[in-house]
Amino acid sequence: METRRRFPPPSCTSPSSAATLRSLPAAPRSSGNRIQASDALPIPIRHTNLLFSLLFVCSIVFLMRRWRDKVRESIPLHAVDLSELVSIISVVASLIYLISFFGIAIVQSIVSSHEDEVDDFLPDSKMTPSPAPSSDLAAPVLAGREDEDIIAAVVAGKTPSYALESAIGDCHRAAEIRREAIRRISGRGLDGLPLEGFDYGSILGQCCEMPVGYVQLPVGIAGPLILDGREHYLPMATTEGCLVASTNRGCKAIAESGGAASVVLRDAMTRAPVVRFLTAARAAELKFFLEEPTNFDNLSVIFNRSSRFARLQDIQCALVGRNLYMRFSSTTGDAMGMNMVSKGVQNVLDYIQNDFPDMDVISLSGNFCSDKKPSAVNWILGRGKSVVCEAVIKEEVIKKVLKTSVSALVEVNTIKNLAGSAIAGALGGFNAHASNIVSAIFIATGQDPAQNVESSHCITMMEAVNDGKDLYISITMPSIEVGTVGGGTQLASQSACLDLLGVKGACMESPGANARLLATIVAGSVLAGELSLMSALAAGQLVKSHMKYNRSCKDTSKAASN
Ligand code: ADP
């Protein structure tokens, strides 16, 4: 009986279950060939259906006859013997089976025909990301259809590309079909972009919509970085020749000088909504209300309900006419924390709307936060983790490993990183190439690469110490935005890199410790990178080393642009 439509469970969490693209073009499969969950039963489902139907009919016939005889012999109907009892039970059991069987089939057919309609007529503007696997893969409506049919429907615009995962219930197959549809629509293939070897279920509803493959990036390991008495091997995902080698050299210089030390000055993610009032006076009233310590305490309770890791620390207010910007800062445990803080801010806005009903919420983010944009507010007040990292590099190490001198390094640092950046009007860019190291570690460890903008804010300082023999170097980075849970951190490769650093997932003993340690490692790596590149510049080695490690980069002027 094929009316009871069931499909195999979605294979979204297992790349191994990925089916290869079914031969194209292929004849449509008959419904009789459709694989069903019921196929796994010891008895085929049509046999059980037949069995219960026969049982029902036989029991009813038997009971009718018995009751007819009883009526004739004037025996009360309620005096039942064992055979009648068994027949009654059989009737009830088979009735339950048949009602539930056909009832579910009817309901399913109504639901799936409705879903087909919705999918086919969804306008393109409704480009919503696929919902969470648990909800959207419950009733895959296209699972039994041939790949060729589905591809044709996508190409014709009848089935939205974004709905493939939920409609098919197999993330790998959805990616494969989408890829083929894109090839036909664009007339261009994606031959160099791998499809196999990736768990598409792991990104569903959280990391990337409408996948067709994945980009390969090499990961190199620099180190060990000796930081705060511990050794760290640094995973760096990059395609820039020299970068890992250079960072490695910096790590070596630090290690041979006894290691670096770091301190986390501040740990708070921010979100700044903007609200508008009729007058600036009224906007100022809310500002004063928020600055009242008792009100702040009450609002903290409301805010902290967003997560057991969220702890409101501060609300910085700024007025622009009648618009009020409120920069909420909160700890977020081991999460980078944007979602967490946004939820807390929403809770507070809902709450203060009671006291300020004339408040018009313009946007949950008013850019005073400030996320993924260069801004003085992050440079001055910090965002995420504010870290300082320092080391004293010995004279002999500078000569032997870095091939330069203390005085040359101090001079280049002052003239390039401080004066040069000053005349460039730099905002947080008083360094040689912090963003190189930040980006490479961010990508390897599943951080949000767009937050490289503010996470790379850095000022590098160098001084001669110990009678001018040794070099004191420090880097100050006020807004390193990292997490070890959430986002891309849980993906297999990124998670492996976090594991290498010993900061994978949530820190059970002290929530937030993993994310803070990761921030210090990023800072320590930047220190190593600064040391090495500045030494190369001081020694006039930059072009030479790029020619050696990055032969494909013929444009040496580009190489010298760091
Ligand atoms: P983000 O805000 O960085 O996008 P989310 O807030 O979405 O991250 O994800 C963090 C999730 O991880 C939350 O659901 C939180 O409850 C959970 N979590 C578990 N352990 C921790 C931890 N130690 N620190 C922070 N969050 C944690």
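Located above this text is the structure these notes cover.
Residues numbered from 1 in each chain as written. Predicted model: local features only at pLDDT ≥ 70, side-chain atom pairs only at ≥ 80, totals over all residues. Heavy atoms only, no water.

**Looking at the overall build of the protein**
Next, step 1: Each helix and strand counted, the protein has 19 helices and eleven strands in total.
Next, step 2: Per-residue burial for the protein yields a buried fraction of 46% across its 562 residues.
Next, step 3: Of the roughly 27,000 Å² that the protein leaves accessible, carbon and sulfur atoms contribute 59%. (Helix = DSSP H or I, 4+ residues; strand = E, 2+ residues; numbered from the N terminus. Buried < 20%, exposed > 50% of the residue type's maximum accessible area, 1.4 Å probe, protein only. Areas by Shrake-Rupley, 256 points an atom, 1.4 Å probe, with all protein chains shown as cover.)

**Re the pattern of salt bridges**
Next, step 1: One pass over the full model with this rule turns up 21 salt bridges.
Next, step 2: Taking the shortest distance from any N to any O, the salt bridge between E256 and K400 comes out at 3.1 Å. Of this pair, E256 sits in helix α7 (residues 243–256) while K400 sits in helix α12 (residues 395–400), and the two are 144 residues apart along the sequence.
Next, step 3: Under the relative-accessibility criterion, E256 is labelled partly exposed at 31%.
Next, step 4: A salt bridge links D358 to R282; the shortest N-O distance between them is 2.6 Å. Separated by 76 residues along the polypeptide, D358 in the loop between α10 (338–355) and β7 (360–363) and R282 in helix α8 (residues 280–291) bring together distant segments of the chain.
Next, step 5: With relative accessibility at 36%, the residue D358 sits in the partly exposed group.
Next, step 6: Among the charged side chains, a salt-bridge network with shared partners connects R66, K70, D81 and E84. (Salt bridge = Lys/Arg side-chain N within 4 Å of Asp/Glu carboxyl O.)

**Here's the deal with the packing of aromatic side chains**
Any two aromatic rings considered together are summarised by their centre-to-centre distance and by the angle between their planes.
Next, step 1: All chains considered together, the criterion is met by seven aromatic pairs.
Next, step 2: With a centroid separation of 6.1 Å and an interplanar angle of 75°, the aromatic rings of F277 and F356 are classed as edge-to-face. With F277 in the loop between β4 (274–276) and α8 and F356 in the loop between α10 and β7, this pair connects stretches of sequence that are 79 residues apart.
Next, step 3: Given a relative accessible area of 2%, F277 falls into the buried group.
Next, step 4: Consider the rings of F303 and F328, whose centres lie 6.0 Å apart with planes at 10°: the pair is stacked. Taken together, the residues F303 in helix α9 (residues 293–304) and F328 in strand β6 (residues 323–332) connect sequence positions 25 residues apart.
Next, step 5: Taking relative accessible area as the criterion, F303 reaches 0% and is therefore assigned buried. (Phe/Tyr/Trp six-rings, centres within 6.5 Å; stacked < 30°, edge-to-face > 60°.)

**Overview of the nonpolar core**
Next, step 1: Counting residues in hydrophobic clusters, the biggest one holds 51 residues, and the most contacted among them are I393 and L471.
Next, step 2: The element that contributes the greatest number of residues to this core is helix α17 (residues 513–538), accounting for twelve residues.
Next, step 3: Ignoring anything within four residues of it in the chain, the contact list for I393 reads A253, I254, S257, I398, L402, D470, L471, I473 and L531.
Next, step 4: F289, I302, M338 and V345 belong to the second-largest nonpolar core, a separate cluster that totals 29 residues. (Core = buried A, V, L, I, M, F, W, Y, C linked by side-chain atoms within 4.5 Å. Contact = heavy atoms within 4.5 Å.)

**Focus: the site of the ligand**
Next, step 1: Surrounding the ligand, one finds 13 residues, the nearest of these being F309, D334, G337, M338 and N339.
Next, step 2: Here M336 contributes a backbone N or O atom positioned 3.2 Å from an oxygen atom of the ligand.
Next, step 3: N339 has a polar backbone atom sitting 2.8 Å from an oxygen atom of the ligand.
Next, step 4: Notes on the ligand: free accessible area 560 Å², of which the protein chains cover 74%.
Next, step 5: The leading source of residues in the shell around the ligand is α10, at three residues.
Next, step 6: Among the residues making up the shell around the ligand, the classes are represented as eight nonpolar, four polar and one charged. (Near = heavy atom within 4 Å. Polar contact = N/O pair within 3.5 Å; in protein donor to acceptor, adjacent residues only side chain to side chain. Nonpolar A, V, L, I, M, F, W, Y, C, P; charged D, E, K, R; others polar.)

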